[in-house]
Amino acid sequence: MPANEATLDTRYSDKNATAASWPAAVEQLEQAEIFWLTTVRPQGRPHVTPLLGVWLDDALHFCTGPAERKAKNLTANPQVVLTTGSNALNEGFDLVVEGEAVQETDEPRLRRLAEAYEQKYGRVWHFDVRDGAFHGDGGRALVFRVEPSKVLGFGRGVYSQNRWTF
């Protein structure tokens, strides 16, 4: 997956910091419950919103209603940033995932994703799959896949700045 192991930026890292491993970063992406998605509005202003996400097949996945602002933004500009981490100052690890959001319409993959959502978040997040989208209590939801082009990791406590490129 990564082109190389993490590069530790010593300019922004404690002298005792070590580079984080990609498997540890993936574990955090798999376990994180909330992600913050940044998209770009047609006028160029950023739009940021929290959402649920699932890491599957080396990519982050999220869903949104077709009439929501983030879906409209993705139509014009698919470049996104997804972040997750901790709100604590002296502990935790934050991840910033950059990439292009591509709509997922393959129904076998969507069924796997629907199962992953329900397994991770519980029965309230059950989705049926039809017509290349999720369908649930909130109506139709488009599903997007983000394969990372770059991931930054920021350690706290022992401060570190890590970079993975793909």
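For the structure itself, consult the block above.
To start, this report covers the structure provided alongside it. This one's a predicted model, so the numbers in the text were calculated from it and none came from an experiment.

**Some points on the overall build of the protein**
Scanning the protein from terminus to terminus reveals three helices and 11 strands. Against the 2.2 N^0.38 benchmark of 15 Å for 166 residues, the protein shows a C-alpha radius of gyration of 17 Å, consistent with a compact globule. If one aligns the C-alpha atoms of the protein with their principal axes, the spans along those axes are about 55 × 40 × 30 Å. The proportion of buried residues among the 166 residues of the protein is 42%. Taking all contacts inside the protein whose residues are at least 6 apart in sequence as the whole, residues at least 24 apart take part in 63%. Carbon and sulfur atoms make up 48% of the accessible area of the protein, which totals about 9,000 Å².

**Description of helix α1 (residues 22-31)**
Because an α-helix completes one turn every 3.6 residues, residues spaced three or four positions apart along the sequence face the same direction. Among all positions of α1, only W22, A25, V26 and L29 are buried. End-on view of α1: buried residues confined to an arc of 100°, all on one side of the axis. For α1, exposure combined with an orientation more than 90 degrees from the buried face picks out P23 and Q31. Capping of α1 at its N-terminal end is provided by S21; its side-chain oxygen lies 3.1 Å from the backbone amide nitrogen of A24.

**Things to note about the packing of aromatic side chains**
A full pass over the atoms with the stated rule returns nine aromatic pairs. Seen in terms of ring centroids, F62 and F144 are 5.5 Å apart; in terms of plane orientation they differ by 20°. Their pairing is stacked. Residue F62 is found in strand β5 (residues 59-64), and its partner F144 is found in strand β10 (residues 139-155); the two are separated by 82 residues along the sequence. Ring geometry for Y117 against F127: centres 5.7 Å apart, planes inclined by 90°, an arrangement best described as edge-to-face. Linking Y117 in helix α3 (residues 107-121) with F127 in the loop between α3 and β8 (128-130), this pair joins segments that are 10 residues apart in sequence.

**Let's talk about unusual backbone geometry**
Although it is not a glycine, D57 sits at a positive phi angle of roughly 55°. Mapped onto the elements of the fold, D57 is located in the loop between β4 (54-56) and β5. With a phi close to 60°, D58 is a non-glycine residue in the positive phi region. With respect to the helices and strands, the residue D58 is situated in the loop between β4 and β5. Judged by relative accessible area, D58 falls into the partly exposed class, the value being 41%.

**Brief notes about the nonpolar core**
Counting 40 residues, the largest nonpolar core has W22, L29, F62, L82, Y117, F134 and W164 as its most contacted members. Leave out the neighbours within four places in its chain, and L29 touches W22, F35, W55, L60, T84, L95, V97 and K120.

**Things to note about a nonpolar patch on the surface**
Side chains of I34, W36 and V48 sit close together on the surface and give an oily, nonpolar patch of about 280 Å² of accessible area. For W36, the position within the fold is in strand β2 (residues 35-40).

**Quick notes on the environment of L8**
Mapped onto the elements of the fold, L8 is located in strand β1 (residues 7-8). Residues L8 and F93 lie 85 residues apart in sequence; the distance between their C-alpha atoms is 14 Å. Residues within four places of L8 in sequence aside, it is in contact with S13, A17, T18, A19, S160, Q161 and N162.

**Digging into the environment of W22**
Looking at the element boundaries, W22 is found in helix α1. We classify W22 as buried; its relative accessible area is 7%. As for W22 and F35, which are separated by 13 residues in sequence, their C-alpha atoms are 18 Å apart.

**Looking at the side chain of S13**
As for its placement among the helices and strands, S13 is situated in the loop between β1 and α1. A relative accessible area of 13% places S13 in the buried class. In this structure the side chain of S13 is engaged in a polar contact, spanning 2.9 Å, whose partner is the backbone nitrogen of Q161. Sequence-distant contacts of S13, that is, excluding residues within four places in its chain, are made with L8, Y159, S160 and Q161.

Procedures and definitions
Residues numbered from 1 in each chain as written. Predicted model: local features only at pLDDT ≥ 70, side-chain atom pairs only at ≥ 80, totals over all residues. Heavy atoms only, no water. Helix = DSSP H or I, 4+ residues; strand = E, 2+ residues; numbered from the N terminus. Rg over C-alpha atoms; globule rule 2.2 N^0.38 Å. Buried < 20%, exposed > 50% of the residue type's maximum accessible area, 1.4 Å probe, protein only. Contact = heavy atoms within 4.5 Å. Areas by Shrake-Rupley, 256 points an atom, 1.4 Å probe, with all protein chains shown as cover. Arc of directions from axis to C-beta. Polar contact = N/O pair within 3.5 Å; in protein donor to acceptor, adjacent residues only side chain to side chain. Phe/Tyr/Trp six-rings, centres within 6.5 Å; stacked < 30°, edge-to-face > 60°. Core = buried A, V, L, I, M, F, W, Y, C linked by side-chain atoms within 4.5 Å. Patch = residues over 30% accessible without salt bridge, like charges linked within 9 Å, V, L, I, M, F, W, Y side chains within 5 Å. Salt bridge = Lys/Arg side-chain N within 4 Å of Asp/Glu carboxyl O.

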